[in-house]
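# Overview (structure and organization)
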Amino acid sequence: MTGAGTNHSLAPLTGGPKIILVEPQMGENIGMAARAMANFGLSDMRIVNPRDGWPNERAVVTAANAAHVLERAQVFPDLLSAVADLNAVYATTARERGQMKRVLDADEALTQVLDRLHGGEGVGILFGRERTGLDNDEVALADAIVTFPVDPANASLNLAQAVLLVGYEWFKKAHGQLPFNLEERSPPAKREALVSFFGWLETELDTCGFFPAPEKKPAMIRNLRDILLRLSMTEQDVKTLRGAAGALRRGPVPPAAKQDEPLTDEG
C-alpha cells in the first residue's frame, strides 16, 4: 500500500558505501541516520562504540521504515576495526584539519565512490560524534575529506542531516531517475497546427481591437508568437487554448448550454 509516497509493496534498495557512525551519542540520531540511509537506498551501517550501547530502543523508534538498516547494522569497538576490510575511506567534516588531504564536495566524492564500488572495492564514509565530530586521528585514516557548502556561522550539521546529504548524492549517481514524472499524453504540436492557431488567434484579436495601430501590429504578433512558442505546446495544448480563446470571443452562454460547449473552436 502506498502512503506519503512510500510503496510498501516494494523491497528496499540495498548496497552502496558503508555508512560509519563514529561513537554516536544518541540512539535517536542513529535511528534518523538509518532512515536517511533507507530514503536513498543505502543499507550498510557500521556503528563504532555507541555511547549508550547496542541495540538501542530509541534508534528503533526514530528509524521509521528503516528497520532493515538497523537489523543488519554492525557494531565495532574502535574505528580501525570498522575500516579494516575497506579499500577506501572518506571522512565528513565541517572544518579544516590542517592535513594534506583532498577536499571534495559530496557530488565529486560520490562519483568516486560509485567508480570504486563498480571496481569491486569496499568503501566507507565516516561521520563523527554529534558534539565534536571526528577527531584529527580519525580523519587521518581517510583517503579524502568530504564537506558541504554551508554558512560558516552555522556550519555544524545534525548527524542524520549529514548522512541525508551524502545519501542524496549517492542516489543521484547510482540510480538517477526521479520517482515519478509527468506522463506526456499528447505529442508535440506540429508547426502546421501552430501556424494555423496563430493565424486564427490573431484574426480574432484583430476583430476585438487588440492591435492599437497598424504600424505596431507586426511587432505585437511576433511577441505574441514568441510567448506561445516558449510553451512548447502539445497538440492538446493547442486545441485547449483555441477552445478557451473561442469561448471568450463568443462571450457568456446560458447555463443550460454549457454542457454542450465544444472543447475546440475551428473559427
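Check the entry above for the structure.
Described in the following lines is the structure provided in the data block.

Rules used in this analysis
Within each chain, residue numbers correspond to sequence positions counted from 1 in written order. Given that the model is predicted, a residue must reach a pLDDT of at least 70 before its local features are reported, and side-chain atom pairs must reach 80 or more before they are shown or counted; all residues, however, enter totals for whole chains, interfaces and linings. Heavy atoms throughout the structure, all of them, feed into the side-chain values; hydrogens and water do not. Think of it this way: any DSSP run of H or I at least four residues long counts as a helix, any run of E at least two long counts as a strand, and we number them from the N terminus. As a reference, a globule follows 2.2 Å times the number of residues to the power 0.38, and the radius of gyration itself is taken over C-alpha atoms. Working definition: with a 1.4 Å probe on protein chains only, accessible area under 20% of the residue-type maximum means buried, over 50% means exposed, and in between means partly exposed. Only the protein chains shown count as cover for residues, and all accessible areas are computed by the Shrake-Rupley method using a 1.4 Å probe. Note that His is not counted, nor are the chain ends; the positive residues are Lys and Arg, and the negative ones are Asp and Glu. In plain terms, the charge of a residue is placed at NZ if it is Lys, CZ if Arg, CG if Asp and CD if Glu. As a rule, the C-alpha atoms of each element are fitted with a line to give its axis, helices using only the stretch in contact, and angles between N-to-C directions run from 0 to 180 degrees. Any angle between 65 and 115 degrees counts as roughly perpendicular, while under 35 counts as roughly parallel, over 145 as roughly antiparallel, and the rest as oblique. Less than a right angle of anticlockwise turn of the near helix away from the far helix marks a crossing as left-handed, whereas a clockwise turn marks it as right-handed. It only takes one pair of heavy atoms within 4.5 Å for two residues to be counted as in contact. Three classes are used: nonpolar for Ala, Val, Leu, Ile, Met, Phe, Trp, Tyr, Cys and Pro, charged for Asp, Glu, Lys and Arg, and polar for all others, with Gly counted as polar. Salt bridges are counted wherever a side-chain nitrogen of Lys or Arg sits within 4 Å of a carboxyl oxygen of Asp or Glu. When DSSP finds two or more bridges between two strands, those strands count as paired.

## As for the overall build of the protein chain
- Each helix and strand in the protein chain was counted, giving ten helices and nine strands.
- What you see for the protein chain is a C-alpha radius of gyration of 29 Å, clearly larger than the 18 Å of a compact globule of 267 residues, by over 25%.
- Projected onto the principal axes, the alpha-carbon positions of the protein chain cover approximately 85 × 45 × 40 Å.
- Per-residue burial for the protein chain yields a buried fraction of 38% across its 267 residues.
- If you sum the accessible surface of the protein chain, you get close to 16,000 Å²; carbon and sulfur atoms cover 55% of it.
- Side chains of the protein chain carry 28 positive and 35 negative charges; the gap between the two charge centres is 4 Å.

## Quick look at the packing of helix 8 (residues 191-207) against helix 9 (residues 217-229)
- At a minimum axis separation of 11 Å, helix 8 and helix 9 run at an interaxial angle of 135 degrees. In terms of axis orientation, helix 8 runs oblique to helix 9. Crossing hand, helix 8 versus helix 9: right-handed. The residues of helix 9 that touch helix 8, namely those facing Arg-191, Leu-194, Phe-197, Phe-198, Gly-199, Leu-201, Glu-202, Leu-205 and Asp-206, are Lys-217, Ile-221, Leu-224, Arg-225, Leu-228 and Leu-229.
- Taken together, the residues of the contact of helix 8 with helix 9 break down into nine nonpolar, one polar and five charged.

## Concerning the pattern of salt bridges
- Considering all chains together, one arrives at 13 salt bridges under this definition.
- Here Arg-46 and Asp-85 are joined by a salt bridge, their closest N and O atoms 2.8 Å apart. Of this pair, Arg-46 sits in strand 4 (residues 45-48) while Asp-85 sits in the loop between helix 4 (79-83) and strand 6 (88-92), placing them 39 residues apart in sequence.
- On the basis of relative accessibility, which here comes to 51%, the residue Asp-85 falls in the exposed class.

## Points about the sheet that holds strand 9 (residues 144-147)
- Taken together, the seven strands give an open sheet; going across it, the order is 5-4-3-8-6-9-7, and neighbouring strands pair in parallel fashion. Since the sheet does not close on itself, it has two edges, and those belong to strand 5 (74-76) and strand 7 (102-105), each with one partner. Averaged over all pairs of adjacent strands, the angle between strand axes in this sheet comes to 30 degrees, irrespective of strand direction.
- Sheet contacts for helix 5 (residues 106-118): strand 6, strand 7, strand 8 (123-127) and strand 9; angle to strand 7, the most-contacted strand, approximately 100 degrees.
- Along the sheet, helix 7 (residues 159-174) contacts strand 3 (18-22), strand 6 and strand 8; its crossing angle with strand 8, the most-contacted strand, is approximately 150 degrees.

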